[in-house]
Amino acid sequence: MKRRTFELIQHLSVSEASYIAGFTDGEGWIGLSRRKKTWANGQGTYLRPIVSLTQKDRRPLDWISSLVGNAGHIHVDGRFGQIHELKFDGPAIRWLLPQLIPFLIVKKKQAELVLRFCNLCRYMGKRLTHEQLAEREGVRAELEALNAKPSNRILSNSLSVVQIAGEEKAA
């Protein structure tokens, strides 16, 4: 398989980082994707950190991609019309997220958890201990809870609790 190559620029400006962070808060997803292993007879899975930005208009995604040295990959999803998705993974995430975290509001915790996961993944090619696997799985579970759709969460404030998915409402 041919690997994509890219050249990361040294550093995003404050305005570039804040724009990408705002775009990510509004139109992005930061999390872990569970992938099936293609080696070892396809047995087992592994977790892959992903930052994904989606947009109907491709131009903002092309601009963001050019800012980060074409480190991401844009593809078109035709299931919901013409939706474009820019995905970052691997080294691009380790470079990009630390620059976005100061400006993220909605997805700041997800970005911090993905970076934590990346730091746990310094064991390339080595067998992981049960503790290392459990710690990675704990980060995945935390991210899954943060990224759950609102219909699957309970929203609360100091005055009331409303269960979105069910009929029961307490005031």
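Moving on, we come to the overall build of the protein chain. Along the protein chain, the regular secondary structure elements total five helices and seven strands. The helix and strand sequence of the protein chain, counted from the amino end, reads α-β-β-α-β-β-α-α-α-β-β-β. Per-residue burial for the protein chain yields a buried fraction of 35% across its 171 residues. Counting contacts in the protein chain only where the partners sit at least 6 residues apart, residues at least 24 apart contribute 57% of the total. Carbon together with sulfur atoms contributes 54% to the accessible area of the protein chain, which is approximately 11300 Å² in total.

All right, on to helix α5 (residues 130-146) then. An ideal rise of 1.5 Å per residue puts 24 Å on 17 residues; α5 measures up with 24 Å between its terminal C-alpha atoms. Taken residue by residue, α5 has Gln132, Arg136, Val139, Arg140 and Leu143 as its buried positions. With its buried residues spanning 100° around the axis, α5 presents them on a single face. Exposed and facing more than 90 degrees away from the buried side of α5 are His130, Glu131 and Glu144.

One can find Glu85 in strand β4 (residues 83-88). Despite being buried, Glu85 has no salt bridge partner; Lys87 is the closest side chain of opposite charge, sitting 4.3 Å away. At a separation of 2.5 Å, a polar atom in the side chain of Glu85 contacts the side chain of Ser52. Sequence-distant contacts of Glu85, defined by excluding residues within four places in its chain, comprise Ser52, Leu53, Thr54, Leu61, His73, Ile74 and His75.

Here we take up the nonpolar core. Counting residues in each nonpolar core, the largest one holds 36 residues, and the members touching the most others are Leu12, Phe88, Leu97 and Leu100. Contributing elements (two or more residues each) for this core: α1 (14-27), β1 (28-36), β2 (45-55), α2 (59-67), β4, α3 (91-100), α4 (108-120) and α5. Setting aside chain neighbours within four positions, we find Leu97 in contact with Ile30, Val51, Ala111, Val114 and Leu115.

Bringing the pairing of strand β3 (residues 73-77) into the picture now. Sheet analysis places β3 next to β4, joined by five bridges and oriented antiparallel. Bridging across to β4, Val76 finds its partner in His84. Joining the antiparallel neighbours β3 and β4 is a turn of five residues, in which Gly81 adopts a positive phi near 90°.

Once that is clear, we can look at the confidence of the model for the protein chain. Mean pLDDT over the protein chain: 78, with 71% of residues reaching 70 or higher. At the low end of the mean pLDDT range in the protein chain sits strand β6 (residues 161-163), at 41; at the high end sits α1, at 95. The low-confidence segment residues 152-171 (pLDDT under 50) makes 21 contacts with residues lying over four places distant or belonging to another chain.

Counted by the stated rule, this structure contains eight salt bridges. Taking the shortest distance from any N to any O, the salt bridge between Arg48 and Asp89 comes out at 2.0 Å. Of this pair, Arg48 sits in strand β2 while Asp89 sits in the loop between β4 and α3, and the two are 41 residues apart along the sequence. Counted as one network, the salt bridges with shared partners bring together Lys109, Arg116, Glu135 and Glu142.

Basis of the calculations
- Residues numbered from 1 in each chain as written.
- Predicted model: local features only at pLDDT ≥ 70, side-chain atom pairs only at ≥ 80, totals over all residues.
- Heavy atoms only, no water.
- Helix = DSSP H or I, 4+ residues; strand = E, 2+ residues; numbered from the N terminus.
- Buried < 20%, exposed > 50% of the residue type's maximum accessible area, 1.4 Å probe, protein only.
- Contact = heavy atoms within 4.5 Å.
- Areas by Shrake-Rupley, 256 points an atom, 1.4 Å probe, with all protein chains shown as cover.
- Expected span 1.5 Å × (residues − 1).
- Arc of directions from axis to C-beta.
- Lys, Arg positive; Asp, Glu negative; His and termini not counted.
- Salt bridge = Lys/Arg side-chain N within 4 Å of Asp/Glu carboxyl O.
- Polar contact = N/O pair within 3.5 Å; in protein donor to acceptor, adjacent residues only side chain to side chain.
- Core = buried A, V, L, I, M, F, W, Y, C linked by side-chain atoms within 4.5 Å.
- Pairing = 2+ DSSP bridges.
- pLDDT = per-residue confidence, 0-100.

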